[in-house]
Amino acid sequence: MTSDPLHHLDTQQSMGQDGIHPRVLKELAKVLTKPLPIIYPHFCLTCEVPSDWRLANVIPIHKKAWEEDPGDYRPVSLTSVPGKVTEQIILSAIMWHMRDNQEIRSSHHEFMKGKFCLTNLIPFCNKVTPLVDEGKTIDILYLDFSKSFDTVTHSVLLEKLAAYDLDESTLRWVKNWLDGQSQRVVVNGAKSSWSQVVFPRAQYWGQFCLISLLMTWTGGSSAPPVSLQTTPSWVGMLIR
């Protein structure tokens, strides 16, 4: 489990505050697979989170229009690469736990291995087309989630995690990971002061929050057979 995220690291990404570059971890993956399986479980059992993993440098990345326009930049948070690897390992274990307990509906496609937009569209059209051929009325409800990865509070995330019967040490580690996150803005070598982050821009936990909330709203795997199709920013619900 440890070697897989190391081998798939993007060496073009920047390093975090701890100065550990992803290229170093990827090229030393075979060597690191020996000590890391010892270190990571220790963090989980003791609920410890290294202080450097809680720090992030936020840099502005120009989009495509005027460089003089501050609104034409998107913020990119550079966090610890080992910290992100740990996130992936723990979150993968949680997702396997949810699958084993059949908490995730088969109609959920985004962030699921082997599923994507096309696998989402095909079953959706298969349900709609026969109804249209029969002349039946079809209502399709779309919900768009604005900044769905940035606005979920820590308490909501921890509540959802606790609902899946995870062990106490995992819940405490996630809580410690979220608490005390700080970031600063870095522009052309100039650095702002550190400020606490209400909800860190962590795509992995953001994805889990969205999946968990959708499963709650639709009643989980035991819900009535309503057709639900989901992608990162919207939910489509077929109502007959």
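By the naming in an unreviewed UniProt entry, the protein chain is Rna-directed dna polymerase from mobile element jockey-like, taken from Limosa lapponica baueri.

Draft legend 1. Layout of the nonpolar core. Ranked by size, the top nonpolar core spans 28 residues in total, and within it L6, Y40, W53, I94, L161 and W173 carry the most contacts. For this core, the elements supplying multiple residues, two or more each, are α3 (29–32), α4 (36–46), α5 (81–100), α7 (154–162) and α8 (168–178). Counting residues per element, this core draws most heavily on α5, at eight residues.

Draft legend 2. Local environment of the packing of α7 against α8. Where α7 contacts α8, the two axes come as close as 10 Å, and the packing angle between them is 165°. Classified by the angle their axes make, α7 and α8 are roughly antiparallel. Here the hand of the crossing between α7 and α8 comes out right-handed. Contacts from H154, L157, L158, L161 and A162 of α7 reach α8 at L171, V174, K175 and L178. Among the residues making up the contact of α7 with α8, the classes are represented as seven nonpolar, one polar and one charged.

Draft legend 3. Fine view of the environment of E67. Locating E67 in the fold gives a position in the loop between β1 (55–62) and β2 (73–78). For E67, a relative accessible area of 55% gives the class exposed. Sequence-distant contacts of E67, that is, excluding residues within four places in its chain, are made with H62 and Y73.

Draft legend 4. Inspection of the packing of aromatic side chains at higher detail. By the definition in use, this model includes three aromatic pairs. With a centroid separation of 5.6 Å and an interplanar angle of 10°, the aromatic rings of W173 and W177 are classed as stacked. A residue pair is termed a helical-turn pair when its members lie 3 or 4 positions apart in one helix, as W173 and W177 do in helix α8 at four residues. For W173, a relative accessible area of 0% translates into the label buried. Among the aromatic residues, those joined into a ring-pair cluster are F43, W53, W173 and W177.

Draft legend 5. Layout of α7. When we look at burial in α7, the residues that qualify are H154, L157, K160 and L161. Down the axis, α7 shows its buried residues gathered within 135° of arc, on one side only. Exposed residues on α7 whose side chains face more than 90 degrees from its buried face are S155 and E159.

Parameters and conventions
- Residue numbers here run from 1 along each chain, matching the order of that chain's written sequence.
- Thresholds applied to this predicted model are a pLDDT of at least 70 for local features of residues and 80 or more for the giving and counting of side-chain atom pairs; totals over whole chains, interfaces and linings are not thresholded and use all residues.
- As a rule here, side-chain values come from all non-hydrogen atoms in the structure, and water together with hydrogens is ignored.
- Residues belong to one nonpolar core when they are buried, are Ala, Val, Leu, Ile, Met, Phe, Trp, Tyr or Cys, and are joined through side-chain atoms within 4.5 Å.
- When accessible area is computed with a 1.4 Å probe and restricted to protein chains, residues below 20% of their type maximum are described as buried, those above 50% as exposed, and intermediate ones as partly exposed.
- The secondary structure listing takes helices from DSSP runs of H or I that are at least 4 residues long and strands from runs of E that are at least 2 residues long, numbered from the N terminus.
- Note on geometry: axes are C-alpha line fits, over the in-contact stretch for helices, and angles between N-to-C directions span 0 to 180 degrees.
- For classification purposes, angles smaller than 35 degrees are called roughly parallel, those larger than 145 roughly antiparallel, those between 65 and 115 roughly perpendicular, and all remaining angles oblique.
- Here a crossing is called left-handed whenever its near helix is offset anticlockwise from the far helix by less than a right angle, and right-handed whenever the offset is clockwise.
- Here a residue-residue contact requires only that any non-hydrogen atoms of the pair lie within 4.5 Å.
- Three classes are used: nonpolar for Ala, Val, Leu, Ile, Met, Phe, Trp, Tyr, Cys and Pro, charged for Asp, Glu, Lys and Arg, and polar for all others, with Gly counted as polar.
- Think of it this way: a Phe, Tyr or Trp ring, Trp meaning its six-membered ring, pairs with another when their centres are within 6.5 Å, and the plane angle makes it stacked under 30 degrees, edge-to-face over 60, tilted otherwise.
- Throughout, the arc means that of the directions going from the helix axis to the C-beta atoms.

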